Amino acid sequence: FAPPMFPTVTVLMATKVGLEEVRLAATRLAGNLHRTEVITCSTLDSMSGYQLFFKTEMFQKTGSFKARGALNAIKCCLERGSRPPMIVTHSSGNHGQAVAWAARHCQLPCTVVVPEGTPTVKCEAIKGYGARLVMCHPTPTGRKEMADKIAKETGGKIIHPYDDYDVIAGQGTIGLELIEQVADLDVVLVPISGGGMTSGIATAVKSIRPECKVIAVEPEGKDLWKSLKNRERMWPNPPQFLNTIAEGIMTQQVGQVTFPLLCDLVDGVITVNDKEMAEGCRLAAERMKVMVEAASGAAIAAALSDKLKEMAEGGKKVGVILCGGNVDMMKLPWLDQRVVNK
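Residues numbered from 1 in each chain as written. Predicted model: local features only at pLDDT ≥ 70, side-chain atom pairs only at ≥ 80, totals over all residues. Heavy atoms only, no water.

Student: I tried to follow the environment of leucine 71 on my own but got confused; where do I start?
Tutor: In this fold, leucine 71 is placed in helix 3 (residues 66-79). Each C-alpha atom of the pair leucine 71 and alanine 102 lies 5.0 Å from the other, and the pair is 31 residues apart in sequence. Beyond its immediate sequence surroundings of up to four residues, leucine 71 is in contact with Leu29, Asn32, Leu33, Trp101, Ala102, His105 and Cys106. (Helix = DSSP H or I, 4+ residues; strand = E, 2+ residues; numbered from the N terminus. Contact = heavy atoms within 4.5 Å.)

Here it is in structure tokens:
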């Protein structure tokens, strides 16, 4: 029996997330990340019929909210006495950039696995932060298996994009800030992929202001509400990626850790199509002079949808999470051929 190439690294994991963990994350991250501003737009207020408050996570370190969860998870790992020889993750781009940046910040080597077809701008950023980039088969199973293999070979610590309570607590700091920045918030619209950001924001928001509704925004084909309503995972297996222009939210299934949190805390789901996402991005550029990626465009589309009117139940103040802005400038969302040709 041959000994392992690297010594086994024991990493103590968080076993829950609540308001206390989110507040501890905020303290841990203070001074390392931006407290992103909230902006408004009177034109979009008029179009929607609500007061919209846009949380500008595209201005966060690495261009998306993901830096919050990544840095919190790595710092927690170090605080618990473990210094792994390698940080490993798998990502459709934004989480990979965030983990690469956070690992460099903590002076740890990093390997990021991304599916084939990940936008060049995201791949180049990952390498720019000093991480090794590994391509894999473009399926959820493909990227997980590759990351697991690398972690086993290197003795590395995997920072999961969403199924990690430390990551969730880090993302929850968005909600903590938003509740402090906007008094009497009625609704928060959150783009959803694996559910780390949505469950984190919902944990913070519902703990402080229980009457505020948290609504997840999904691409077509995710069918999240069916599973949440039944409190049962109704998706077909194996897990798959959705065919959408929003690669940041293309994961069909939410996580095993995030699912029960979402069942308890999410009030509703709004589904948007590619054309609506693209139009949301175009409006952000034209009216607010900000560049956002399609996942952020999904939240803007939800804010302008008839579905919100059914769910808001008289609420007037709506938080809109602009989760990222890592756009390939040669492939602007509203010029994407999948949208133009429809």
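Student: Hey, could you run me through unusual backbone geometry in this one?
Tutor: Glycine aside, residues mostly have negative phi angles, and peptide bonds mostly take the trans form. In this model, asparagine 237 is joined to proline 238 through a cis peptide bond whose omega is 5°. Looking at the secondary structure, you find proline 238 in the loop between helix 9 (224-230) and helix 10 (258-265). With a phi angle near 50°, glutamate 313 is a residue other than glycine that sits in the positive phi range. Along the chain, the position of glutamate 313 falls in the loop between helix 13 (306-312) and strand 10 (317-322). The exposure class of glutamate 313 is exposed, given its relative accessible area of 62%. (Buried < 20%, exposed > 50% of the residue type's maximum accessible area, 1.4 Å probe, protein only.)

Student: Got a minute to help me understand the nonpolar core in this structure?
Tutor: One recurring pattern in soluble globular proteins is that nonpolar side chains are buried together. Counting residues in hydrophobic clusters, the biggest one holds 57 residues, and the most contacted among them are Phe54, Val188, Leu189, Met288, Leu308, Val320 and Ile321. The leading source of residues in this core is helix 12 (residues 294-303), at eight residues. Residues in contact with leucine 308, not counting those within four places in the same chain, are Tyr50, Val187, Leu189, Ile215, Ile270, Ala302, Ala303 and Val318. By size, the runner-up hydrophobic cluster in this structure holds 26 residues, among which are Ala67, Ile87, Cys123 and Ala125. (Core = buried A, V, L, I, M, F, W, Y, C linked by side-chain atoms within 4.5 Å.)

Student: For this particular structure, what's the right way to read the sheet that holds strand 4 (residues 110-115)?
Tutor: Paired through their backbone hydrogen bonds, the strands of a sheet run either parallel or antiparallel. Overall, parallel pairing links the four strands, which are arranged 5-4-3-6 in an open sheet. On the outer flanks of this sheet lie strand 5 (132-136) and strand 6 (157-158), each paired with one strand and no other. Strand contacts of helix 6 (residues 140-154): strand 3 (87-90), strand 4, strand 5 and strand 6, with the helix running at about 170° to strand 3, the strand carrying the most contacts. (Pairing = 2+ DSSP bridges. Axes fitted to C-alpha atoms, helices over the stretch in contact; angles between N-to-C directions.)

Student: When you look at the pairing of strand 9 (residues 268-272) in this model, what are you seeing that I'm missing?
Tutor: Working note: regular strand, side chains alternate between the two faces of the sheet. Within strand 9, four of the five residues are buried, which leaves the element mostly enclosed by the surrounding structure. The pairing of strand 8 (residues 213-219) with strand 9 spans five bridges and is parallel. Of the residues in strand 9, the one forming a bridge with isoleucine 215 is glycine 268.

Student: Sorry if this is basic, but what is going on with the packing of aromatic side chains here?
Tutor: The geometry of an aromatic ring pair comes down to the distance between the two centres and the angle between the two planes. Per the counting criterion, the structure on display carries one aromatic pair. The cationic tip of arginine 233 hangs over the ring face of phenylalanine 259; the distance from NZ or CZ to the ring centre is 5.4 Å. One Lys or Arg, lysine 316, reaches over the ring of tyrosine 50 and ends 5.6 Å from the middle of that ring. (Phe/Tyr/Trp six-rings, centres within 6.5 Å; stacked < 30°, edge-to-face > 60°. Lys NZ or Arg CZ within 6 Å of the ring centre and 35° of its normal.)

Student: What is the right way to look at helix 4 (residues 94-105) in this model?
Tutor: Because an α-helix packs 3.6 residues into every turn, residues spaced three or four apart end up facing the same way. The end-to-end C-alpha distance of helix 4 is 16 Å, a good match for the 16 Å that twelve residues give at a rise of 1.5 Å each. Summarising burial for helix 4: ten of the twelve residues are buried, a large majority. Every buried residue of helix 4 is listed here: Asn94, His95, Gly96, Gln97, Ala98, Val99, Ala100, Trp101, Ala102 and Ala103. Buried-residue contacts for helix 4 involve helix 3, strand 3, strand 4 and helix 5 (120-128). Phi turns positive one or two residues past the end of helix 4, at glutamine 107, with a value near 60°. (Expected span 1.5 Å × (residues − 1).)

Student: When you look at the packing of helix 1 (residues 19-29) against helix 8 (residues 196-208) in this model, what are you seeing that I'm missing?
Tutor: Axis angle and axis distance: for two packed helices, these are the angle between their axes and the distance between the axes, and together they describe the pair. For the pair helix 1 and helix 8, the least separation of the axes is 9 Å and the interaxial angle reads 115°. Classified by the angle their axes make, helix 1 and helix 8 are roughly perpendicular. Judged by the twist between their axes, the crossing of helix 1 over helix 8 is left-handed. For the pair helix 1 and helix 8, contact is made by Leu19, Val22 and Arg23 and by Thr203, Ala204, Ser207 and Ile208, respectively. For the contact of helix 1 with helix 8, the per-class residue count stands at four nonpolar, two polar and one charged. (Parallel < 35°, antiparallel > 145°, perpendicular 65-115°, else oblique. Left-handed = near helix turned anticlockwise from the far one by under 90°. Nonpolar A, V, L, I, M, F, W, Y, C, P; charged D, E, K, R; others polar.)

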